[in-house]
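# Report on the structure
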Amino acid sequence: MRILQVCAEIYPLLKTGGLADVAGALPPALLSLGAEPRVLLPGFASIMAGLQDPAEVARLSPPGAMANAGARLLYGHLPACGIDAYVIDAPGYYLREGGPYADANQHAYVDNHLRFALLGWTAAQLAIGLDPLWRAEVVHAHDWHAALAPAYLAAAAQSQQRHLAGSVYTVHNLAYQGQFDARHFGELGLPAHFFAMHGIEFHGQINFMKAGLYYANRITTVSPTYAREIQGSEQGCGLDGLLRDRANDLSGILNGVDESVWNPAADPALAANYSADKLAGKRRCKAALQQELGLAAAPTAPIFCVVSRLTEQKGLHLVLRALPELVERGAQFALLGSGDAGMEEAFRSAAAENPQAIAVRIGYDEAFAHRLIGGSDVIMVPSRFEPCGLTQLYGLKYGTLPLVRGVGGLTDTVNDSQLETLDVDATGFMFDAFSSEALLQAAARALALYRRPADWKAVQQRAMRQPCGWDAAARAYLGLYAQLIH
Ligand code: ADP
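Residues numbered from 1 in each chain as written. Predicted model: local features only at pLDDT ≥ 70, side-chain atom pairs only at ≥ 80, totals over all residues. Heavy atoms only, no water.

### Description of the pairing of strand β6 (residues 138-142)
Quick reminder of the rule: Per-residue accessibility, obtained with a 1.4 Å probe over protein chains only, is compared with the maximum for each type, and a residue is labelled buried under 20%, exposed over 50%, and partly exposed between these values. Helix and strand assignments come from DSSP, with helices taken as H or I runs of at least 4 residues and strands as E runs of at least 2, each series counted from the N terminus. Pairing between strands requires that DSSP locate at least two bridges from one strand to the other.
The buried fraction of β6 is high, at 5 of 5 residues. The two faces of β6 match: Val138, His140 and His142 on one face and Val139 and Ala141 on the other face are all buried. When strand β1 (residues 2-6) meets β6, the two strands line up parallel, connected through 4 bridges. Opposite Gln5, over in β6, you have His140 as the bridge partner.

Structure (structure tokens):
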């Protein structure tokens, strides 16, 4: 089965969030199940640098304003990801100072519609015969950056009057839609009638996300609960009507953990390795973390941690408000994150006031994320909404019990610890109301359990032993692809 995975980032070469983790883990999981996946990526500097033995497949002649991109398609191997990849070499589009989507001042690039339309257009060409040696049977596009792939495919199928390939579109976060002024529509080279309510138009604008949702044969999102939530007005970001119309084609497939990257028994970033059967190493990780962060060397003080983008979505102001009481009750707190400047400052000043109990590191640091999760006791994910969430899964795997709000994928992956569930399925702590009081109540239960080491260990071991690899998800995707091929 020839599957083209289309995305803008891939771990470990380029990552801004969970999307990269999925893009890095799903293709190898598909490969190990016997499928023939390849990925298509924009030629950002780190991706070009990671491409081994690149060969030119074709000079690209995209339509509309993209014709000036001077783009060519390369094919090679990405050893860091263990996967073969097509990369669009278009230096004018992708080699820039700043991030993949925005400049160093966080201003979105003004030609993002073209930069990512080229990604979608090229994906469609790979299902039509651009590479004579490999034609995609299914094009699987991820998030708004790749969302025009199903639209270009539908346009080509309409003009050739035949089925070309199946298409799957996965929503990793409905809040980021890729919206652009309508005056750019002509630059995309799509048929004029695609700019319509039944198409890619959304309240008078171009909406890439909507194109994916409208034109893909199947839609998935990254957890069953989020798949339900986005069909309602509260979390539908204006697209819930379309999602309800397409309910029969929409499903939720939970993300997994890439166990070659996140495994406490083999993690080279940790001060000591450990497993559910041998937890002693986790205590050493904790001591090392307290030392690294300048926290009081207190083996019995539970460390609550956060690894997150600092955005409104992640609900971290609830944590800020709860911090004094959490610390008052004997906990320590450590955060790794970056984003909203006001929130960065608020966490920094909380740490400055009480450096023995609160440590804050602003920035993006993959290895430190491992040490932080390895050395902590609880990981907090109090999101307002959460499509799947990965850090709570890493918490489960590392015996760092997740304390989460009961939304989206957090609901699907964590089982609350109540008296009656302790011996049954408890793996963490959950609260519902979006308030610091509700968070503190769950934290109080975590603290109470922590004071009962035998019960804590039992929950910890259950969390660590829970299967959470990519196998189940990869099988589910294969099932979906098979429906589109046969
Ligand atoms: P989202 O994609 O909404 O940011 P996820 O929980 O799905 O949230 O994925 C976040 C990913 O990014 C995880 O792999 C997490 O470890 C990582 N991450 C987030 N912030 C940081 C940071 N400051 N440093 C290192 N890794 C981070």
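### Thoughts on the nonpolar core
Let me state the cut-off plainly: As used here, the term nonpolar core means buried Ala, Val, Leu, Ile, Met, Phe, Trp, Tyr and Cys residues forming a set that is joined through side-chain atoms within 4.5 Å. Contacts are assigned to residue pairs that have any heavy atoms within 4.5 Å of one another.
In this structure, Leu40, Ile88, Leu118, Leu188, Leu190 and Leu213 are the most contacted members of the largest nonpolar core, which totals 84 residues. Residues within four places of Leu188 in sequence aside, it is in contact with Pro63, Met66, His113, Leu114, Ala117, Leu148, Tyr152, Ile200 and Ile206.

### Considering the packing of helix α10 (residues 280-293) against helix α13 (residues 366-375)
How we decide: Fitted lines through C-alpha atoms serve as axes, helices being fitted only where they are in contact, and the angles separating the N-to-C directions of these axes extend from 0 to 180 degrees. Here the word oblique covers every angle except those under 35 degrees (roughly parallel), over 145 (roughly antiparallel) and from 65 to 115 (roughly perpendicular). We call a crossing left-handed when the near helix sits turned anticlockwise from the far one by less than a right angle, and right-handed when that turn is clockwise.
Their axes nearest at 7 Å, the elements α10 and α13 cross at an angle of 120°. Between α10 and α13, the angle is such that the two are oblique. At the point where α10 passes α13, the crossing takes the left-handed sense. Here Lys282, Cys285, Lys286, Leu289, Glu292 and Leu293 of α10 come into contact with α13, specifically with Phe368, Arg371, Leu372, Ile373, Gly374 and Gly375.

### Considering the environment of Val404
Here Val404 lies in strand β17 (residues 401-405). Under the relative-accessibility criterion, Val404 is labelled buried at 0%. Sequence separation between Val404 and Leu439 is 35 residues; the distance between their C-alpha atoms is 8.3 Å. Apart from the residues lying within four places of it in its own chain, the contact partners of Val404 are Val381, Gln392, Leu410, Val414, Phe429, Met430 and Phe431.

### Considering unusual backbone geometry
Following Tyr11, the chain continues into Pro12 via a peptide bond in cis, with omega recorded as 0°. Looking at the secondary structure, you find Pro12 in the loop between β1 and α1 (18-32). Of note, the phi angle at Gln106 is positive, near 65°, even though the residue is not glycine. Among the secondary structure elements, Gln106 is positioned in the loop between α3 (91-94) and α4 (112-125).

### Looking at the packing of aromatic side chains
Note the threshold: Pairing of aromatic rings covers Phe, Tyr and Trp, the last counted by its six-membered ring, and requires centre-to-centre distances within 6.5 Å; plane angles under 30 degrees mean stacked, over 60 mean edge-to-face, and any other angle means tilted. A ring is considered to have a charge above it if a Lys NZ or an Arg CZ atom is located within 6 Å of its centre and within 35 degrees of its normal.
In total, this model carries 19 aromatic pairs according to the counting rule given. Their ring planes at 45° and their centres at 5.1 Å tell us that Phe185 and Phe195 sit as a pair that is tilted. Taken together, the residues Phe185 in the loop between β8 (179-180) and β9 (201-202) and Phe195 in the loop between β8 and β9 connect sequence positions 10 residues apart. Relative accessible area serves as the criterion here: at 9%, Phe185 is assigned to the buried category. You can call Phe195 partly exposed: its relative accessible area is 27%. The ring centre of Tyr109 lies 5.0 Å from the NZ or CZ of Arg96, which sits over that ring. Taking the ring centre of Phe368 as reference, the NZ or CZ of Arg361 above it sits at 4.0 Å.

### Thoughts on the site of the ligand
Where we set the bar: Definition of nearness: a residue and a molecule or strand are near each other if at least one heavy atom of the residue lies within 4 Å of the molecule or strand. Polar contact criterion, stated in full: a pair of N or O atoms within 3.5 Å, where within protein one must be able to donate a hydrogen and the other to accept it, and residues adjacent in sequence count only if both atoms are side-chain atoms. Exposure was quantified through the Shrake-Rupley algorithm and a 1.4 Å probe, taking into account, for residues, occlusion by the shown protein chains and nothing else. Any residue outside Ala, Val, Leu, Ile, Met, Phe, Trp, Tyr, Cys, Pro, Asp, Glu, Lys and Arg is labelled polar, Gly included; the first ten of those are nonpolar and the last four are charged. Residue ranges labeled as domains rest on an automatic or database domain assignment.
Contacts to the ligand come from 18 residues, most closely from Lys15, Gly18, Asp21, Arg309 and Gly363. For the ligand, a nitrogen atom lies 2.8 Å from a polar atom in the backbone of Gly363. Out of a free accessible area of 560 Å², the ligand has 92% covered by protein chains. Of all the secondary-structure elements, those providing two or more residues to the shell around the ligand are α1, β13 (303-310), β14 (332-339) and α14 (391-397). Among the elements that line the shell around the ligand, the one with the most residues is β13, at 3 residues. Tallied by class, the residues present in the shell around the ligand amount to 6 nonpolar, 7 polar and 5 charged. Residues from two domains meet in the shell around the ligand; each of domain 1 (2-256 + 470-485) and domain 2 (280-464) gives at least three.

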